[in-house]
Amino acid sequence: MKNIDIESERLTYKRVSSEHISEDYVSWINDSEVNRYLETRGNYTLDLLKSYIEQQYDKATFFWAIHLKDSNKHIGNIKIDPINFETKSGEYGILIGDKLNWGKGYASEATIRIINYCFDELELTKITLGVIEDNVSAVNLYKKLGFKIDEVIQGTKVYNNKISNSLRMSIHA
C-alpha cells in the first residue's frame, strides 16, 4: 500500500502505523459496547495491538486510521482487506472506537470516501462486507449507502447472549 493520506470533508485517513498504538485504541477494543459485534472480544494489551498493527503494516494492507481534521484525534479505523485484484473486489471493515464521536455521521463519511477511493483509484468493481444482522445501525447505514444483502447466514455466532445471523452485503461500482 502506498503511504497515502486521504481526506474527506471532516476527516483525514492515515495509514495505520506504530503512531496509532495507544491506550485509547486498546480501550476501544476492550470496551464491550464498542466490540459488541466484532470478532475481537477484548483482552487486548498494548503489546498485542502493536503486534497486530505491525502485521497489517508488513502485509501492506489498505488500513487507515480515521482522524478528525480539526484536532487530528484518532477516532477509529477503516480497511479494505483482503483485496483480490483479479476479481477487482475487496472486503470492507470499519470501527469508530471513540464513543464520543458516535452518531455524528463519521462512519457514513468515511465509508463513502474509502469506497470511492477503491472504485476510482484502485479500480475495484465490488466491495463486500459481513455484518451481524442485530447490528441494526450498521445494517441501515450500509443499505442507505447502496449495499445490498447477498446472503443471510443463519446462526453464525453468539452476540449479546443470543445466536445471531450474519449478513453478507455488497456494493458495485
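Because the structure is predicted, anything quoted here is derived from the model rather than measured.

Caption draft 1: Layout of the environment of S32. With respect to the helices and strands, the residue S32 is situated in the loop between α1 (23-30) and α2 (46-58). Sequence separation between S32 and N160 is 128 residues; the distance between their C-alpha atoms is 9.9 Å.

Caption draft 2: Seen up close, the pattern of salt bridges. On inspection of all chains with the given rule, the structure shows ten salt bridges. Where D31 meets K99, a salt bridge forms, and the shortest distance between an N and an O atom there is 2.8 Å. Residue D31 is located in the loop between α1 and α2, and its partner K99 is located in the loop between β5 (89-96) and α3 (106-120); the two are separated by 68 residues in the primary sequence. Classification of K99 by relative accessible area gives partly exposed; the value is 35%. Across the salt bridge formed by D134 and K162, the nearest N and O atoms sit 3.5 Å from each other. Taken as a pair, D134 in the loop between β6 (126-132) and α4 (136-144) and K162 in strand β8 (residues 162-172) lie far apart in primary sequence, 28 residues in all. For K162, a relative accessible area of 44% puts it in the partly exposed group. Taken together, the salt bridges that share partners define one network made up of D31, E33, R36 and K99.

Caption draft 3: Quick peek at the side chain of H20. With respect to the helices and strands, H20 occurs in the loop between β2 (11-15) and α1. For H20, the residues in contact, after removing those within four places along its chain, are K14, R15, Y25, I53, A65, H67 and H74.

Reading the values: rules and limits
All residue numbers refer to positions counted from 1 along the written sequence of the respective chain. For this predicted model, a pLDDT threshold of at least 70 governs which residues receive local features, and a threshold of 80 or more governs which side-chain atom pairs are given and counted, while totals over whole chains, interfaces and linings are taken from all residues. Only hydrogens and water are set aside when side-chain values are computed; all heavy atoms of the structure are taken into account. Here a strand is any run of E in DSSP of at least two residues, a helix any run of H or I of at least four, and the numbering for each starts at the N terminus. By salt bridge we mean one thing: a side-chain nitrogen of Lys or Arg within 4 Å of a carboxyl oxygen of Asp or Glu. Only protein chains enter the accessibility calculation, which uses a 1.4 Å probe. A residue is then buried if its area is under 20% of the maximum for its type, exposed if over 50%, and partly exposed in between. Only heavy atoms enter the contact rule, under which two residues are in contact if any of them lie within 4.5 Å.

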